[in-house]
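Observations on chain architecture
One-letter residues, chain by chain:
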Amino acid sequence: MQCNTLNSRSLGCNRKVIVLISIITFYVGAILGELSNHWEAQIEAIKQLEINGDLSEAEDAGKILLEHMEGDRTHLLELLGDICIKRKHYRRAADYYLQAKEVSDVSEAKRYLVIAADAYYCNKDYTLAAAIYWERYRLEADDEILFRYGTALLHGNTWKETEPLAFQNKRIQAKFDWNCAADAYRENDLEKACRYLRPWIEEGILGLSACYFYAQVQYRLGNMEEAQRLIEFGRHYYIEESGEKYYEKLLQLQLRIAIERGDRKIAEGIESLLGEKESHDMGKILLEKVMGLRAIGRYGEALAILEELGCYLPDEARYLRGEIYLESGRGVGGALEVFKELGKGVGRMGYIGCLREADLECYLGNFSRAEKIYEEMQRAIEGADWMEQKEMVREYLEKKIIRSKLGQGQAK
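Computed from a prediction, not measured in an experiment: that's the story for all the values here.

Helix and strand content of the protein: 22 helices and zero strands. Relative to its 412 residues, the protein shows a buried fraction of 45%. In the protein, the share of contacts with a sequence separation of at least 24, taken over all contacts with a separation of at least 6, comes to 52%. Counting every atom, the protein has about 22000 Å² of accessible surface; 49% of that belongs to carbon and sulfur.

Below you can see the structure in the form of structure tokens.
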């Protein structure tokens, strides 16, 4: 089969051959000055490469065409940006979109600002993203853009600049306040999280998820009565949402609170209610029971339930066993063995196992061993795709390493 040009409907042509022919076509056309009538056909061909998943070849061909193309280049620039997004080359995508913005009319320029900022945001360049969102917002006030701007500020840890933001749309304001509360919760500023959540609890805009979030924060603050009130409010006010996961989460939290308060009858009733639901998660139910029993020092009962929990959530059961061994005075050595075993796993719980192992080695005076574990954990950070706020974790481990080195010096 003969391939005469880079055509979007070329059949049976090897993709490498297509790209090679396209490159030759571009160069020859540029030399002869005969390519000006074929821009759209070439762009369509590049789109076909993109559709076929040949992203690297599509971008290479697009860059060659961009170098020689005359006239309106906005569609090609946007296509190149889209290809880079698919390749997760977000900064390069943003650069193409911003180039397109420079040669577009006002309406299209506003759109290119947004997608360029989105690309920077995906790359975690939050300061750049916020600056471009703000540039777009200044062209035309828009709550959706202001929301994106505020979210970029939040992720960029610039709290003070988010405080004055106000939205005309009530739902967007509620959604943004939720994000602020979640950010405060991650920073362990529970009172601030409450301030953002409180106005929306009875509004109904955020639904049962807000009730659960607020009740959980109140529980962590030790305000059991307020947590219980929110749980009851959520269970009855949002009864139509009983099929969603947050309804069960509320019940699970209520189970833990009932156990901690010694309300055995209520606890048994809630456990029975959870067990009747088709979507019930037995692992989560058992986990809440163990956490409640642990909180009030009923370690024997907690350890007994851990046997069953291990069938559903083995890593969580292993971690709690180690912590209960320490808290109940059953021995540091036993806890150390448990955490060593947990640390052999992967993901979040494996990382926690390594951390607790190193902490206990420090406690036992084995500072050199602890230092080695902390350093291994530091090296593993980049490959931990599940981990958020890696820089904060890195700094935390660095402090641990310094303390372990100081411990070795003191031991000498």
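This is not the end of the story, as more comes after the structure.
Per-chain confidence: the protein averages 86 in pLDDT, with 88% of residues scoring 70 or above. Taken element by element, the predicted model of the protein shows its lowest mean pLDDT in helix α1 (residues 15-32) (49) and its highest in helix α18 (residues 314-327) (96). In this model residues 1-13 is a low-confidence stretch, pLDDT under 50, and it forms 20 contacts with partners more than four residues away in sequence or in other chains.

Burial in helix α17 (residues 299-309) covers these residues: Tyr299, Ala302, Leu303, Ile305, Leu306 and Leu309. Down the axis of α17, the buried side of the element spans an arc of 165°, and every buried residue falls inside it. The exposed residues of α17 that point more than 90 degrees off its buried face are Ala304 and Glu307. The secondary structure elements touched by the buried residues of α17 are α16 (282-295) and α18.

With that settled, the discussion passes to the nonpolar core. The biggest cluster of nonpolar side chains holds 97 residues, and the ones touching the most others in it are Ile46, Leu76, Val290, Leu306 and Leu309. For this core, the leading source of residues is helix α12 (residues 207-220), giving nine residues. Residues within four places of Val290 in sequence aside, it is in contact with Ala302, Ile305, Leu306, Leu309, Leu320 and Ile324. Counting 15 residues, the second-largest nonpolar core is a separate cluster that includes Tyr351, Tyr374, Ile381 and Ala384.

Within this structure, the stated rule accounts for 30 salt bridges. Between Arg91 and Asp125 there is a salt bridge, with its nearest N and O atoms 2.8 Å apart. Remark: Asp125 occurs in the loop between α6 (106-122) and α7 (126-139) and Arg91 occurs in helix α5 (residues 90-102); sequence separation between them is 34 residues. A relative accessible area of 13% places Asp125 in the buried class.

Turning next to helix α20 (residues 347-363). When the terminal C-alpha atoms of α20 are compared, their 25 Å separation across 17 residues agrees well with the 24 Å that a helix rising 1.5 Å per residue should span. Across the 17 residues that make up α20, a large majority, 13, are buried. One or two residues past the end of α20 sits Gly365, with phi positive at roughly 90°.

Okay, the packing of α6 against α7 next. Their axes nearest at 8 Å, the elements α6 and α7 cross at an angle of 160°. In terms of axis orientation, α6 runs roughly antiparallel to α7. Helix-helix and strand crossings are classified by hand; for α6 and α7 the assignment is left-handed. Contacts between α6 and α7 involve Lys110, Leu113, Val114, Ala117, Asp118, Tyr120 and Tyr121 from the first element and Tyr126, Leu128, Ala129, Ile132, Tyr133, Glu135, Arg136 and Leu139 from the second. Here the residues of the contact of α6 with α7 are counted per class, giving 11 nonpolar, no polar and four charged.

Among the secondary structure elements, Leu326 is positioned in helix α18. Those residues in contact with Leu326 that sit more than four places away from it in its chain are Val332, Ala335, Phe339, Arg356 and Leu360.

Before going further, it helps to spend a moment on unusual backbone geometry. For Lys88, which is not glycine, the phi dihedral falls at a positive 65°. Checked against the element boundaries, Lys88 lands in the loop between α4 (74-86) and α5. We classify Lys88 as exposed; its relative accessible area is 61%. Phi at Asn188 is positive, roughly 65°, even though this residue is not glycine. With respect to the helices and strands, the residue Asn188 is situated in the loop between α10 (170-186) and α11 (190-197).

Using the criterion set out here, one finds 10 aromatic pairs in the structure. Taking the centre distance of 5.3 Å and the plane angle of 70° together, the rings of Tyr121 and Tyr126 count as edge-to-face. You can call Tyr121 partly exposed: its relative accessible area is 23%. Tyr126 gets classed as buried once you look at its relative accessible area, which sits at 18%. Taken together, Trp134, Tyr137 and Tyr149 form an aromatic cluster joined through their ring pairs. Between Arg111 and the ring centre of Tyr112, over which it is positioned, the NZ or CZ distance is 4.8 Å.

Cut-off values and rules
Residues numbered from 1 in each chain as written. Predicted model: local features only at pLDDT ≥ 70, side-chain atom pairs only at ≥ 80, totals over all residues. Heavy atoms only, no water. Helix = DSSP H or I, 4+ residues; strand = E, 2+ residues; numbered from the N terminus. Buried < 20%, exposed > 50% of the residue type's maximum accessible area, 1.4 Å probe, protein only. Contact = heavy atoms within 4.5 Å. Areas by Shrake-Rupley, 256 points an atom, 1.4 Å probe, with all protein chains shown as cover. pLDDT = per-residue confidence, 0-100. Arc of directions from axis to C-beta. Core = buried A, V, L, I, M, F, W, Y, C linked by side-chain atoms within 4.5 Å. Salt bridge = Lys/Arg side-chain N within 4 Å of Asp/Glu carboxyl O. Expected span 1.5 Å × (residues − 1). Axes fitted to C-alpha atoms, helices over the stretch in contact; angles between N-to-C directions. Parallel < 35°, antiparallel > 145°, perpendicular 65-115°, else oblique. Left-handed = near helix turned anticlockwise from the far one by under 90°. Nonpolar A, V, L, I, M, F, W, Y, C, P; charged D, E, K, R; others polar. Phe/Tyr/Trp six-rings, centres within 6.5 Å; stacked < 30°, edge-to-face > 60°. Lys NZ or Arg CZ within 6 Å of the ring centre and 35° of its normal.

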